[in-house]
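# Coordinates in review
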Amino acid sequence: MTQERLWQVLDPSWADPRALSALLCSSAAAVVLLKWLGRRQVQQKMDEARRSRDLALEKMEKAARRLKQENSGTQTSHILSLTMVELVEKLKAGSLSPESVLYSYMDKALEVNREVNCVTDFIHGCEGQLQKLKKQKEKGLLYGIPISIKDHINCKGHISSGGMVKFLGQVKEEDSVIVQVLKHQGAIPFVKTNIPQTMINYDCSNLIFGQTLNPLNHQKSPGGSSGGEGALIAGGGSILGIGSDVAGSIRLPSSFCGLCGLKPTGNRISKQGVVSPLIGMQSVTGMLGPMARDVDSLALCMKALLCQQMFQLDPTVPPIPFNEEVYTSSKPLRIGYYEGDGYFQPSPSMKRAVQHTRKLLQEAGHTLIPFAPPKIDYVVDELFTRGIFADGATHLVDCFKGDIVDPNLKSQFNTYRLPALVKRTLAIILKPIYPRIARDLSALCGVGSAKNLWDQHGAVAAYRTEFIAKWRELRLDVILCPMLGPAFNHGYAGKLFAATSYTNLYNVLNFPAGVVPVSTVTRADEEELKHYRGHYGDPWDKRLKEAVEGAVGLPVAVQCVALPWQEELCLRFMKEVETLAHGTKRNV
């Protein structure tokens, strides 16, 4: 009876199988057409962004040529060979002009970009900044220094893409606080640099601007997410860059490209005016920091940034100026150290770098004490992964609406977008075979409720207290530990996000941590790598071995860590390591 009434209400033609078939086919065709139109619209936006980038680089070439003609006779190779400290001295003394330095670095940046694809925009306001410098009575600490800026840090008149279509077309109306302070100190921001899509990845590729290569070996990744900075500085196209770090994004490209980089304490430097796909995430601390070719450059940058101008522009930054006395101290240090974190077995070169540096430090008169980070599995899985993806990665997945996923991110994205029930089921199935991967899948489900989020925040605070107590018990000043490396082969970073365990620990703890290159991969390291098995013998261990293969001659770094708000001590330790690694010992 009910069916008869239903068919009376419906159009009789619906009962015709041919009509139903036609309706279904037309509906399917409409869905396909809508998807195609959406994808085409996305592609058009990306094409437009690439055209804008190409036009910006053309303007940069013209500006470099004009400045070169106006400053003929400048020895570009000499300028590019100077350290940042030497460059500042000559600029302030007047023996070099800001114009000659700017065009030298513009010219070199264009050359490096043609080779490795690391620049996303020319900051055309740099010429206006150059004119302002001439009118300033006082010369700032970074007077005339050209600086590169990571893509997602706002610069007036430019987009901050985040490697994502959703942020294209959003031209920023003002500089971020850090860019304002850099300009106040006489620096000249002149280019923006490439990043991976979403920046939750430590390769450097997006579908808008493409893949950035490592200038030391094009088969290798420059690291990420500040990979464009790493590639440009390592290639000689910038002397100082500003990156950001939420899991190692300053330290990883510094390691992969043979640079020095500093991740400060979370709020030591202002983060106002930065684009992020993880706005609101509080469990893991992200921050901005400098990258350069030597530690003195990092120290000078920090000294310049920690000024009254920053404290006024962003009152949430504690007004703590740079402590020069701590940085220049020669007091012997009590140094905790470890050669592996127990989560990922270090590559042979990583382990050797720590052993070699420990020996140098002992010979120089410092005290070295073995240290083991407590409960590292718990930290990586429950505090970092469950913390950064407390929402089950919903925010991150939502960012991809109206976008196309970069192939280098697909492995991560496909896992993140799985329903929580599927993740939990897979975790149960995999637990007996691959316990580490199972724990990761479980952590990716997030916290589930506001109450659990509070508990998670409490757990981070409790772990920080436990870690500091162990530090105090051993009366440590600083810690020496491994830095992930050497540079990965392309395509592996997105499949090994958990390998950031060596760096993300200090984002969870919110401790300052820096990277210093101390050695290069040897043939003996490469030979030993053939026997690498890892701690778990799971697919992640196999991938890590494959990721670092073929790296003979590439840089290997160590990580230097201090307690919160002790950036100067961290830098002082980094300088000590750098000096000893380069064979010129300081007196202790």
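Small disclaimer: the values here were computed from a predicted structure and weren't measured. (Residues numbered from 1 in each chain as written. Predicted model: local features only at pLDDT ≥ 70, side-chain atom pairs only at ≥ 80, totals over all residues. Heavy atoms only, no water.)

## Some points on helix H13 (residues 348–363)
The condition that has to hold: Helix and strand assignments follow DSSP, with helices taken as H or I runs no shorter than four residues and strands as E runs no shorter than two, numbered in order from the N terminus. Expected span of a helix: the number of residues minus one, times 1.5 Å. The buried label goes to any residue with under 20% of its type's maximum accessible area, the exposed label to any with over 50%, and the partly exposed label to all in between, with areas taken from a 1.4 Å probe on protein chains only.
Over its 16 residues, H13 runs 23 Å from end to end, which matches the ideal 22 Å to within 8%, given 1.5 Å per residue. When H13 is considered as a whole, its buried residues turn out to be Pro-348, Ser-349, Met-350, Ala-353, Val-354, Thr-357, Leu-360 and Leu-361. Looking at the residues trailing H13, positive phi occurs at Gly-365, about 105 degrees.

## Examining the pattern of salt bridges
Here is the rule: Any Lys or Arg side-chain nitrogen found within 4 Å of a carboxyl oxygen on Asp or Glu counts as a salt bridge.
Scanning the model with the defined rule gives 27 salt bridges in all. As a salt-bridge pair, Lys-359 and Glu-363 come within 2.9 Å of each other at their nearest N and O atoms. With Lys-359 and Glu-363 both in helix H13 and four residues apart, the pair spans about one turn of that helix. For Lys-359, a relative accessible area of 47% gives the class partly exposed. Across the pair Lys-401 and Asp-398 runs a salt bridge, and its minimum N-O distance is 3.4 Å.

## Considerations on the packing of aromatic side chains
Condition: Put simply, two rings from Phe, Tyr or Trp (the six-membered ring, in Trp's case) pair if the centres are within 6.5 Å, and we call them stacked under 30 degrees between planes, edge-to-face over 60, tilted for the rest.
For the structure on display, the rule yields 16 aromatic pairs. Ring geometry for Phe-389 and Phe-497: centres 6.4 Å apart, planes at 55 degrees, overall tilted. Separated by 108 residues along the polypeptide, Phe-389 in the loop between helix H14 (376–388) and helix H15 (394–398) and Phe-497 in the loop between strand S11 (478–482) and helix H20 (501–509) bring together distant segments of the chain. Each member of the pair, Phe-389 together with Phe-497, is buried. Following the ring pairs from residue to residue traces out a cluster consisting of Phe-371, Tyr-463, Phe-467, Trp-471, Tyr-506 and Phe-511.

## Comments concerning the nonpolar core
Where we set the bar: Put simply, buried Ala, Val, Leu, Ile, Met, Phe, Trp, Tyr and Cys residues joined by side-chain atoms within 4.5 Å make one nonpolar core. Contacts are assigned to residue pairs that have any heavy atoms within 4.5 Å of one another.
Leu-87, Tyr-202, Phe-467, Ile-479, Phe-488, Tyr-506 and Leu-571 are the most contacted members of the largest nonpolar core, which has 162 residues in total. Per element, the largest residue contribution to this core is nine residues, and it comes from helix H5 (residues 98–116). Those residues within four positions of Phe-488 in sequence are excluded, and the remaining contacts are Tyr-202, Lys-220, Ser-221, Phe-256, Ala-493, Leu-496, Leu-544, Ala-547 and Val-548.

## Some thoughts on the sheet that holds strand S10 (residues 367–370)
The pairing of strands in a sheet comes from backbone hydrogen bonds and takes either a parallel or an antiparallel form. Quick reminder of the rule: When DSSP locates at least two bridges between a pair of strands, those strands are taken to pair. Under this scheme, a helix contributes an axis fitted over its contacting stretch, all axes are lines through C-alpha atoms, and angles between N-to-C directions fall in the 0 to 180 degree range.
What the eleven strands build is an open sheet, ordered S1-S3-S2-S6-S8-S7-S12-S13-S11-S9-S10; its pairing is mixed. The open sheet has two free edges, formed respectively by strand S1 (119–122) and S10, since each of these has just one partner strand. Between one strand and the next, the sheet's axes are offset by a mean angle of 30 degrees, whatever the strand orientation. Along the sheet, helix H7 (residues 177–184) contacts strand S2 (146–150), strand S3 (188–193), strand S6 (240–245) and strand S8 (287–292); its crossing angle with S2, the most-contacted strand, is approximately 180 degrees.

## Looking at the layout of surface pockets
To be explicit about the condition: Cavities and pockets are defined on a 1 Å grid built over the protein atoms alone: a cavity is a set of grid points where a 1.4 Å probe fits but cannot escape, while a pocket is an open set with protein on both sides within 12 Å along at least five of seven lines, and lining residues are those with an atom within 4 Å of any such point. Grid points are joined across faces, edges and corners, and a volume is the space filled by probe spheres set on the points. Polar here means any residue outside two lists: the nonpolar Ala, Val, Leu, Ile, Met, Phe, Trp, Tyr, Cys and Pro, and the charged Asp, Glu, Lys and Arg; Gly therefore counts as polar.
Its boundaries defined by the atoms lining it, the largest pocket holds a volume of some 660 Å³. Contributing to the lining of the largest pocket are 32 residues, with Val-246, Lys-271, Ser-276, Met-281 and Gly-286 lying nearest its centre. Elements represented by at least two residues in the lining of the largest pocket include exactly S6, S8 and helix H19 (450–473). A per-element tally of the lining of the largest pocket places H19 first, with four residues. Counted by class, the lining of the largest pocket contains 15 nonpolar, 13 polar and four charged residues. Lining the second largest pocket are 21 residues; nearest its centre among them are Ala-49, Ser-52, Arg-53, Asp-121 and Ile-159. At the level of elements, helix H2 (17–70) and S1 are the ones that each hand at least two residues to the lining of the second largest pocket. The biggest single contributor to the lining of the second largest pocket is H2, with eight residues.

## Examining the side chain of Arg-268
The cut-off we apply is this: Under this definition, polar contacts are N or O atom pairs within 3.5 Å; protein pairs additionally need one hydrogen-donor-capable and one acceptor-capable atom, and for neighbouring residues in sequence, both atoms have to be side-chain atoms.
Along the chain, the position of Arg-268 falls in the loop between strand S7 (260–263) and S8. The exposure class assigned to Arg-268 is buried, which follows from its relative accessible area of 0%. Separated by 3.5 Å, the side chain of Arg-268 and the backbone oxygen of Pro-321 make a polar contact. For Arg-268, the side chain forms a polar contact with the side chain of Glu-567, separated by 2.7 Å. Aside from chain neighbours lying at most four places away, what touches Arg-268 is Met-302, Leu-306, Met-310, Val-317, Ile-320, Pro-321, Phe-322, Trp-565, Glu-567 and Glu-568.

## Remarks on the side chain of His-158
Examined against the element boundaries, His-158 turns out to sit in the loop between S2 and H7. Among the polar contacts made by the side chain of His-158, one reaches the side chain of Asp-121 at a distance of 2.7 Å. The contact partners of His-158, leaving out residues within four places of it in the chain, are Asp-121, Phe-122, Ile-123, His-124, Gln-170, Val-171, Lys-172 and Lys-192.

## Considerations on a nonpolar patch on the surface
Stated formally: Nonpolar side chains (Val, Leu, Ile, Met, Phe, Trp, Tyr) are joined into patches within 5 Å and like charges within 9 Å, using only residues with over 30% relative accessible area and no salt bridge. For accessible areas, the Shrake-Rupley method is used with a probe of radius 1.4 Å. Any residue's cover is judged against the shown protein chains and nothing else.
On the surface, a cluster of nonpolar side chains totalling about 220 Å² of accessible area is made up of Val-422, Leu-426 and Ile-429. Residue classification places Ile-429 among the exposed residues on the basis of a relative accessible area of 52%.

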